[in-house]
Amino acid sequence: MKILVTGATGFIGSHVVQQLQRAGHDLVLCHREGKSSWKLFDSVARIYNASPNGQGHSVHDEGMLRFKGSLKEYAERLIPYEFSDTELYLSEGFEKVSVDLIDYDEVLESVSSSDFDAVVHCAAIISFHPKDREKMLRDNVEGTRNLVNACLKKGVKNFLHVSSIAALGRPVEEGPITLDTPWEEDSPYNTDYALSKYYAELEVWRGKEEGLNVKVFYPGVVLGQGDGNTSSKQVIDVVKNGNPFYPVGSNGFVFVEDLAKKITDELPFTLANEKQRFLCVSHNLTFEKLIISVADAYGYKPAKWPLKGTIYGLVYGVAQFCEWFGIRIPITTELMKSTSKASVYKD
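Draft legend 1. Summary view of the sheet that holds strand 7 (residues 221-223). Pairing is mixed in the open sheet, where three strands are placed in the order 7-9-11. One side of each edge strand has no neighbouring strand; the edge strands of this open sheet are strand 7 and strand 11 (283-286). Within the sheet, the average angular offset between the axes of one strand and its neighbour, ignoring direction, is 45°. Taken together, the four bridges between strand 9 (residues 250-255) and strand 11 define a ladder with antiparallel strand orientation. The partner of Ser 250 across the bridge, within strand 11, is Thr 286.

Draft legend 2. Examining the nonpolar core more closely. Counting residues in hydrophobic clusters, the biggest one holds 36 residues, and the most contacted among them are Val 5, Leu 29 and Val 120. Going through the elements one at a time, strand 1 (2-6), helix 1 (11-22), strand 2 (26-31), helix 2 (39-49), strand 4 (118-121), strand 5 (158-162), helix 8 (256-265) and strand 10 (277-280) are the ones with two or more residues in this core. Contacts of Val 120, omitting those with residues within four sequence positions, involve Ile 3, Leu 4, Val 5, Thr 6, Val 16, Leu 20, Leu 160, Ile 263 and Leu 267. Of all hydrophobic cores here, the second largest spans 30 residues; its members include Val 28, Leu 108, Val 119 and Val 281.

Draft legend 3. Quick look at the pairing of strand 2. Counting buried positions along strand 2 yields five of six residues, so the element is predominantly enclosed. Running through helix 1, the crossover from strand 1 to the neighbouring parallel element strand 2 is right-handed. Pairing geometry for strand 2 and strand 3 (residues 95-98), over four bridges, is parallel. Its bridge partner lying in strand 3, His 31 is registered against Ser 98.

Draft legend 4. Just the pairing of strand 9, in detail. Burial runs high along strand 9: six of the six residues are buried. The alternating pattern of strand 9 places Ser 250, Gly 252 and Val 254 and Asn 251, Phe 253 and Phe 255 on opposite faces, both of which are buried. Bridge count for strand 7 against strand 9 is three bridges, and the pairing is parallel. Opposite Val 222, over in strand 9, you have Val 254 as the bridge partner.

Draft legend 5. How the structure looks around the environment of Cys 322. Looking at where Cys 322 falls in the secondary structure, it is placed in helix 10 (residues 309-324). Sequence separation between Cys 322 and Thr 6 is 316 residues, and the spatial gap between their C-alpha atoms is 34 Å. The contact partners of Cys 322, leaving out residues within four places of it in the chain, are Ile 327 and Ile 329.

Draft legend 6. Up close: the packing of helix 4 (residues 104-111) against helix 5 (residues 133-154). Contact pair helix 4 / helix 5: the axes reach a minimum separation of 9 Å and the direction vectors enclose 45°. Classified by the angle their axes make, helix 4 and helix 5 are oblique. Helix 5 is crossed by helix 4, and the crossing has right-handed handedness. Packed against helix 4, whose contacting residues are Tyr 104, Val 107, Leu 108 and Val 111, the element helix 5 presents Asn 146, Leu 147, Asn 149, Ala 150, Cys 151, Lys 153 and Lys 154 at the interface.

Parameters and conventions
Residues numbered from 1 in each chain as written. Predicted model: local features only at pLDDT ≥ 70, side-chain atom pairs only at ≥ 80, totals over all residues. Heavy atoms only, no water. Pairing = 2+ DSSP bridges. Helix = DSSP H or I, 4+ residues; strand = E, 2+ residues; numbered from the N terminus. Axes fitted to C-alpha atoms, helices over the stretch in contact; angles between N-to-C directions. Core = buried A, V, L, I, M, F, W, Y, C linked by side-chain atoms within 4.5 Å. Buried < 20%, exposed > 50% of the residue type's maximum accessible area, 1.4 Å probe, protein only. Contact = heavy atoms within 4.5 Å. Right-handed = clockwise from strand over helix to strand, strands pointing away. Parallel < 35°, antiparallel > 145°, perpendicular 65-115°, else oblique. Left-handed = near helix turned anticlockwise from the far one by under 90°.

Now the structure itself:
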């Protein structure tokens, strides 16, 4: 299939491209000329080219491999991807198109640049800082809207959208979250990122009503290998830096290579009535379990104390003060609220 991939320079997109390429698809990669860096992409390419079994030189993150290996029980909905020593597909070998997704004319031009069979939409801004709210909502929602409209106009029939478990919302009441959980607009546990992904997804379903074949993927917090400021690196850095506190909540997690495998396995589209929504959570973990497992895998000292009570109030106050004065720190009030919630994801 001829496929246009957005967010190709990002964490998820880089892995998706490597696996789509190995599946024999013909790819065109979206990027922002002068703004996108291919460093992360090429680091991921070398990971797929390197053997993780200790034979010869390996660029694999051994700590991440140990961490993944320690989580034995996978949810049945996902099959783990097995790395093997195969071809090296660096960024320089791919056809590319520069596009600003909030510029409809540029999006239309990129979709018109070839006779595409499908679009895989991985691009999104992720932030929990209040100052990023408007830009994140604009880029995530308008970018998706423009892409959907361009596909409809140019007759690209198949649209695969990488959403997030955040788009399912975090209800106030306790209980497992499923694909059928009603969205609670006023839940204090929903982040601005969640809102942006929820509204972006509505654009995808509108596209379905207007004729697109649609598949939507809901990954948990994405973990895995790649040389960049990824969600995975942020988790590892928290443990590495010796943070003594851990959030009392829980969340759903997925390894990026397993998510990419699920997306790749869902191409090509076949039956009109086939499944359209996919929960991509391989593990439900408390943050305590996550931090202890990461610390064990990397040889770091784990956090000892739960972030609750007086300590929670003090840290929340510091985060709030910093937000009032525009000071960026890793912890935000929004993130503290969401990670204090026990969120468990089930089919």
